[in-house]
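# Survey of secondary and tertiary structure
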Amino acid sequence: MRCCLKKQNIPEASDGKHLGFAWGPGDILAYETLYTSSGVTGSGSSFIHEVRKDEDIYSPILRKLFNESHHIFVGLQTIKKDLPSKNKKPQFVSISKNYRSVIRACMEELQQAAVSTKVADVATQYGNQVSILLAIELIWNLCEVLFIDAAPAGSLLLHLLDWVRLHKADVDEKAREVLQSESPAEHGDYWNVVLSYVLQGRLEEARQMLAKRATLQPAARNMFKLMDNLLSRMPFYNPGGTQTLTEFDVKWRHWHEEVDRCLQDNSFASNPNLELICKILAGDEDTLLEHKGLLSTWYHFLVTRLLFCHPTVKPIELHFYAQSCMTMFLDQSVPEPLDSILLAAFEFDIHQVIKDCSIALNNWWFVAHLTDLLDHCKLLQSHNLHFGSNLREFLLLEYASGLFTHHSLWQLAVDYFDHCPEFGRVYLELQIERVPLDTERKALKVLRICEQRQMSEQVRSICKIMAMRALRNNRLGSALSWSIRAKDAAFATLISERFLQDYCAKGTFSDLDLIDNLGPAMLLSDRLTFLGKYREFHKLYGEKSFGEAAKLLLSLMTAKIAPRSFWMTLLTDALPLLEQKEVIFSAEQTYELMFCLEELTSSLSTTAGGTDRPTQDEDIEVTKVELLRLALARNLAMAIVKEGTVEA
């Protein structure tokens, strides 16, 4: 186990200065400050040092742990809350095992990576991560047995035996080595393997190993047979059987008395190793403590002691045996953080387990997921924090906030915030604004998340940022698309102006697909409406629907949708229609065009009245006006003649 903050390369503060810290969910910023009698006078250095606290989220292998556990977490939230806890217990145990299988898979991958790498520092880092995951899986497994599965007396010891066997796998490696040797019964580790099997309650394997020795010592065959008889007759409780716990206890006591008689009769006096096994079966504490090396931990000692002395131990009695075993086994040694956590679990102090794990471990992954599962099991209902949120929500918020500092894991954090009913939305709104919008694809992901949760303010903010970025890069189509999504009328007007300016300069529209498919979005602003309708005019003209095109063009001017600065362009667009052989504009429409032209020329002459000599642009404008007047007059005459003929 390691502390939350690991040793970092932080520069020491120089004379007269102090180090200041700014805490974040995934790292710390350290900087020098200068203190005087009047307080802080300012930064003592221009350098800000980033101290990374949670390195695990940057590990490619551990990212799999975060991803896989996220799926399990989301699945857990879907379990119906209205069902009684007893009915959901098998589901909770299954989910707990799923979490542990993910931990073990990551552990195995880290072990392989540590072996294959040639960089010593990387191998050490992987080794440290394996140690942490081993401790996490050990604690989680014990919590599963004691809190989630809540095994009763009898079954409890069987679960604890499985727990010890799973986390003391070196016995199997030693046994494999012994069995693969030329003469297993004469191997140096033979008796250590036999004793290890007995200490773990694996009596069938111990009998098989002893049988190999018995064949080499015909003279001691009866002694080996007696030991085999003791081992084979040791009763184990069967939860699914017909035998009651009381009947099992009576049967076990009879067997234990038989073991004691063998010791008193010195049945194995001539074979120290068999006598040692007999003492272990009798539960002799001194003998067990003499073999600390084989037990290796106080909790293995605890389970072995329960197996041979108190096989019907009740959950409520565990704390007494756990405390005494830890005291005896560690003697004068100071308990490690892991020892304190396991002891708290044996004392059924869930909150102390969570508190100690929060301090000892270097990220919130373990405590957040374990607390969430325990909360679903209704084991944390009585514990609320003073500042509003309950313990489950507090830990999930802290974990999710840390994920948000990662470039890709932030997406997982969204679901954790979603399942924090009190403060989850507030945290999500604050964190989502800090996600760097590096690419349009990432921006769309963030936007989709906000839209799904009706976070309208964040949606507008993202769209405005992306619209401004697109506008700076002269990508008008993208900028307009983002401004429409933001429902920002002012910005849509600005971009529409840029489109019109580009059209005036180049004579063509860019991003035709976007403008052609504006639909109801064109009503966002008058200028955008004009842009869409003006493009529609060009389409009608291209399709040679001259009558409809003429009507639309005139309506843009008379309804004052078109900006005054664009009237001359519209009137110029009318010229080809005025010069068609067939009359397009009626007499009334022609009068309206003439009125618009006169209104425009009067305003232009007022603006240009102060200059003496006309410029080249003004000469062009005058020429356009004269051409328009001529075309309008000719069209009016043709229209009057046509309309008069029709009437006649």
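All residue numbers here refer to positions counted from 1 along the written sequence of the relevant chain. It should be noted that, the model being predicted, local features are given only for residues of pLDDT at least 70 and side-chain atom pairs only at 80 or more, the latter also being counted only at that level, while totals for whole chains, interfaces and linings use all residues. Here the side-chain values reflect all heavy atoms present in the structure, with hydrogen atoms and water set aside.

## Side note on the packing of aromatic side chains
- Any two of the Phe, Tyr and Trp rings considered here, Trp counted by its six-membered ring, make a pair once their centres fall within 6.5 Å; the pair's planes then place it as stacked at under 30 degrees, edge-to-face at over 60, or tilted in between. Going through the model one piece at a time under the given rule, you end up with 22 aromatic pairs.
- Pairing Tyr237 with Phe248 gives two aromatic rings, centres 5.6 Å apart and planes at 65°, and the pair type is edge-to-face. You can see Tyr237 sitting in the loop between helix H8 (221–233) and helix H9 (245–264) and its partner Phe248 sitting in helix H9, a full 11 residues away along the chain.
- Residue exposure (1.4 Å probe, protein chains only): buried if accessible area is under 20% of the type maximum, exposed if over 50%, otherwise partly exposed. A relative accessible area of 2% places Phe248 in the buried class.
- Residues Trp298 and Phe346 carry aromatic rings whose centres are separated by 6.0 Å and whose planes lie at 65° to one another, so their mutual orientation is edge-to-face. Here Trp298, found in helix H13 (residues 298–309), pairs with Phe346, found in helix H15 (residues 337–346); they are 48 residues apart in sequence, far enough to count as distant. The same class applies to Trp298 as to Phe346, namely buried.
- Within the aromatic cluster, the residues linked to one another by ring pairs are Phe66, Phe73, Tyr399 and Tyr416. Runs of H or I in DSSP of at least four residues are treated as helices and runs of E of at least two as strands, each being numbered from the N terminus.

## Quick word on the environment of Ala345
- Along the chain, the position of Ala345 falls in helix H15.
- Distance from Ala345 to Leu146, taken between C-alpha atoms, is 7.7 Å for residues 199 residues apart in sequence.

## Some remarks on the packing of helix H26 (residues 526–542) against helix H28 (residues 567–578)
- For helices, the axis comes from a line fit to the C-alpha atoms of the stretch in contact; other axes are also lines fit to C-alpha atoms, and the angle between any two N-to-C directions lies between 0 and 180 degrees. Relative to each other, H26 and H28 sit at 15°, their axes nearing to 12 Å. By the angle class used here, H26 and H28 are roughly parallel. Handedness of the crossing formed by H26 with H28: left-handed. Mapping the contact onto sequence places Phe530, Tyr534, Phe537, His538 and Tyr541 in H26 and Thr569, Leu570, Asp573, Pro576 and Leu577 in H28.
- Classifying every residue of the contact of H26 with H28 by side-chain character gives seven nonpolar, two polar and one charged. What sets the label is the angle itself: under 35 degrees gives roughly parallel, over 145 gives roughly antiparallel, 65 to 115 gives roughly perpendicular, and the rest give oblique. Here a crossing is called left-handed whenever its near helix is offset anticlockwise from the far helix by less than a right angle, and right-handed whenever the offset is clockwise. Contacts were defined at the residue level, with two residues in contact if any of their heavy atoms lie within 4.5 Å. Each residue is assigned to one of three groups, with Ala, Val, Leu, Ile, Met, Phe, Trp, Tyr, Cys and Pro labelled nonpolar, Asp, Glu, Lys and Arg labelled charged, and all others, Gly among them, labelled polar.

## Details of the confidence of the model for the chain
- Per-chain confidence: the chain averages 83 in pLDDT, with 85% of residues scoring 70 or above.
- Each residue carries a pLDDT value, the predictor's own confidence for that position, ranging from 0 to 100. Counting interchain partners and residues more than four positions distant, the pLDDT-below-50 stretch residues 1–11 has 35 contacts.

## Thoughts on the layout of surface pockets
- Estimated volume of the largest pocket: approximately 520 Å³.
- A cavity here means a set of 1 Å grid points, computed over protein atoms only, where a 1.4 Å probe fits but cannot escape. A pocket is an open set with protein on both sides within 12 Å along at least 5 of 7 lines, and lining residues have an atom within 4 Å of a point. The wall of the largest pocket is formed by 19 residues, among which Leu134, Leu166, His167, Lys168 and Ala169 lie closest to the centre.
- Of all the secondary structure elements, the ones that give two or more residues to the lining of the largest pocket are helix H2 (85–116), helix H3 (120–148), helix H4 (155–166) and H13.
- In terms of residue class, the lining of the largest pocket is built from nine nonpolar, six polar and four charged. Grid points are joined across faces, edges and corners, and a volume is the space filled by probe spheres set on the points.

## Quick notes on the pattern of salt bridges
- A pair is scored as a salt bridge if a Lys or Arg side-chain nitrogen falls within 4 Å of a carboxyl oxygen belonging to Asp or Glu. Tallied over the full model, the rule gives 23 salt bridges.
- Here Asp228 and Arg207 are joined by a salt bridge, their closest N and O atoms 2.7 Å apart. With Asp228 in helix H8 and Arg207 in helix H7 (residues 203–216), this pair connects stretches of sequence that are 21 residues apart.
- Asp418 is the salt-bridge partner of Arg453, the closest N and O atoms lying 2.6 Å from each other. Of this pair, Arg453 sits in the loop between helix H21 (440–452) and helix H22 (456–472) while Asp418 is found in helix H19 (residues 410–418), placing the two residues 35 residues apart along the sequence.
- Accessibility expressed as a relative area gives 34% for Asp418, which makes it partly exposed.

## A closer look at the packing of helix H1 (residues 60–77) against helix H17 (residues 365–376)
- Look at H1 against H17: their axes get within 11 Å of each other, and the N-to-C directions meet at 15°. Regarding the angle of H1 to H17, the classification is roughly parallel. Our pair here, H1 against H17, has a crossing hand that is left-handed. Across the interface between the two elements, Leu65, Phe66, Ser69, Phe73, Leu76 and Gln77 of H1 pack against Trp365, His369, Asp372, Leu373 and His376 of H17.

## Some details on unusual backbone geometry
- Look at Phe348: it is not a glycine, yet its phi comes out positive at around 60°.
- For Phe348, a relative accessible area of 33% translates into the label partly exposed.
- The backbone of Asn474 sits at a positive phi, close to 60°, despite the residue not being glycine.
- Topologically, Asn474 is positioned in the loop between H22 and helix H23 (476–486).
- On the accessibility criterion, Asn474 (45% relative accessible area) is partly exposed.

## Some thoughts on H15
- Counted residue by residue, H15 has eight buried out of 10 residues, so it is predominantly covered.
- The set of residues buried in H15 consists of Leu338, Asp339, Ile341, Leu342, Leu343, Ala344, Ala345 and Phe346.
- Where H15 is buried, its residues contact H3, H4, H13, helix H14 (318–330) and helix H16 (350–360).

## Focus: H16
- Looking at H16, one finds that the buried residues are Ile350, Val353, Ile354, Asp356, Cys357, Ser358 and Ala360.
- In the core, the buried residues of H16 are packed alongside H3, H15, H17 and helix H18 (391–403).

## Section: the state of the cysteines
- We call a pair of cysteine sulfur atoms a disulfide whenever their separation is within 2.5 Å. Per the stated rule, a full pass over the model turns up zero disulfides.
- Cys357 supplies the cysteine sulfur nearest to Cys143, a cysteine that is in no disulfide, at a spacing of 7.0 Å.
- For Cys143, a relative accessible area of 0% gives the class buried.

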